[in-house]
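Here are the chains, one letter per residue:
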Amino acid sequence: MKTILITGSAGFIGANLVKRLLTEMPDGKIVGVDNLNDYYDPSLKQYRLRELDKAYKALIPGLTSPLIPGLTRNLQYDFVQGDISDKSLVDSLFEKYHFDIVVNLAAQAGVRYSIDNPDAYIQSNILGFYNILEACRHNPVQHLVYASSSSVYGGNKKVPFSTDDRVDNPVSLYAATKKSNELMAHCYSKLYNIPSTGLRFFTVYGPAGRPDMAYFGFTNKLLKGQTIQIYNYGNCRRDFTYIDDIVEGIVRVMWKAPAEEVPYAIYNIGGGQPENLLDFVTILQEELVRAGVLPPDYDFEAHKQLVPMQPGDVPATYADTSALERDFGFTPRTPLREGLRKFAEWYKEYYG
């Protein structure tokens, strides 16, 4: 029986990870922590928590799982509203639950937001992660998995981005905090023998995602008849990664801690097929029409504006996932149209 801590459990990736584990784990304990801040609409986080509550109640401990025939459950799920920058809270959770695996997904996200709101990033991404590391030091865990980001590659011009590349030139504070997490984790792995794995996520999307992400923001604006801005005049390429592929990668990694002399590893999780932003917008609008979010005669050209590159942004992200495939036999494979179709259908259902 494993006891697992998932921070940021009401967030996009965190909630999907908890749901996956509620579906698959036969026994053990899952503890989710989230501060439910208002960086974006908290009602979306509450929606995710309600979905998790439904999933948990459908798997009453000791009864046969309705999702997996023949499987009985002895699984406990607890949610704690709190902030990982609160050291006393983090320490009390580790002392109470004695976690075997920690998946740290709590972070202040967003590249552009970091330009005007640096304090939030230092508080959550630096101080919060330090508290997690210290708690793992004093309450030994079998594996610490944490979210890094493709943004650490900064202005690197060599593509695809490999974890062997130098990442010393971040172009946003958000990227700098994620690179700092990797350095801090390496230090704790070496000094205190804490097995840790950092995961560099590439542009995650899907149903119930973050409203500040382009696909979600574009949809909101188009529905209101507003104009969407396409950066770098449409000459951006993004390695979009569907949420189920991200979760699959995390699940495979979390059960297998690095066994090297210094138990530390970094992996990319990305689609490996960067898409041109204009092509992405075309597919999105087609799927929004198909799902009935927008009418068939919607004039997209009248609502698109090509604008210059924004501060802190990069022209392309492109993941080399060969290490993930080599060590875990997995590479994200969900086609962009399939993922955007699921998003559009969810959007129609959620917002009516």
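This text follows the structure it describes.
Residues numbered from 1 in each chain as written. Predicted model: local features only at pLDDT ≥ 70, side-chain atom pairs only at ≥ 80, totals over all residues. Heavy atoms only, no water.

Visitor: Is there a simple way to think about a nonpolar patch on the surface in this case?
Guide: A cluster of nonpolar side chains, contributed by Tyr-233, Leu-278 and Leu-306, occupies part of the molecular surface with about 260 Å² of accessible area. Residue position: Tyr-233 is located in the loop between strand 8 (228-230) and strand 9 (237-238). The partly exposed category is assigned to Tyr-233, whose relative accessible area is 43%. (Patch = residues over 30% accessible without salt bridge, like charges linked within 9 Å, V, L, I, M, F, W, Y side chains within 5 Å. Areas by Shrake-Rupley, 256 points an atom, 1.4 Å probe, with all protein chains shown as cover. Salt bridge = Lys/Arg side-chain N within 4 Å of Asp/Glu carboxyl O. Helix = DSSP H or I, 4+ residues; strand = E, 2+ residues; numbered from the N terminus. Buried < 20%, exposed > 50% of the residue type's maximum accessible area, 1.4 Å probe, protein only.)

Visitor: I tried to follow empty space enclosed by the protein on my own but got confused; where do I start?
Guide: Leftover empty space is mapped by rolling, across the atoms, a probe with the size of a water molecule. Taken as a whole and judged by the stated rule, the model has 2 cavities of 30 Å³ or more. Lining the largest cavity we find Leu-5, Thr-7, Val-33, Asp-83, Ile-84, Leu-89, Val-90, Leu-93, Phe-94 and Ile-132. When residues of the lining of the largest cavity are traced back to their parent elements, those giving at least two are strand 1 (3-7) and helix 3 (87-97). The element best represented in the lining of the largest cavity is helix 3, accounting for 4 residues. Looking at the lining of the largest cavity residue by residue, the class counts come to 8 nonpolar, 1 polar and 1 charged. The volume enclosed by the second largest cavity comes to roughly 30 Å³. The wall of the second largest cavity is formed by Asn-104, Ala-106, Ala-107, Asn-125, Phe-129, Tyr-146, Ala-147, Lys-178 and Asn-181. For the lining of the second largest cavity, the per-class residue count stands at 5 nonpolar, 3 polar and 1 charged. (1 Å grid on protein atoms, 1.4 Å probe; cavity = no way out; pocket = protein on both sides within 12 Å on 5 of 7 lines; lining within 4 Å. Points joined across faces, edges and corners; volume = space filled by probe spheres on them. Nonpolar A, V, L, I, M, F, W, Y, C, P; charged D, E, K, R; others polar.)

Visitor: When you look at the pairing of strand 2 (residues 27-34) in this model, what are you seeing that I'm missing?
Guide: Residues in a regular strand project their side chains so that they alternate between the two faces of the sheet. The buried fraction of strand 2 amounts to 6 of the 8 residues, a majority that puts the element mostly inside the structure. With helix 1 (residues 12-24) bridging strand 1 and the parallel strand 2, this β-α-β connection has right-handed handedness. One ladder, built from 8 bridges, connects strand 2 with strand 3 (residues 74-81); its direction is parallel. When the sheet's bridge partners are listed, Val-33 is paired in strand 3 with Val-80. (Right-handed = clockwise from strand over helix to strand, strands pointing away. Pairing = 2+ DSSP bridges.)

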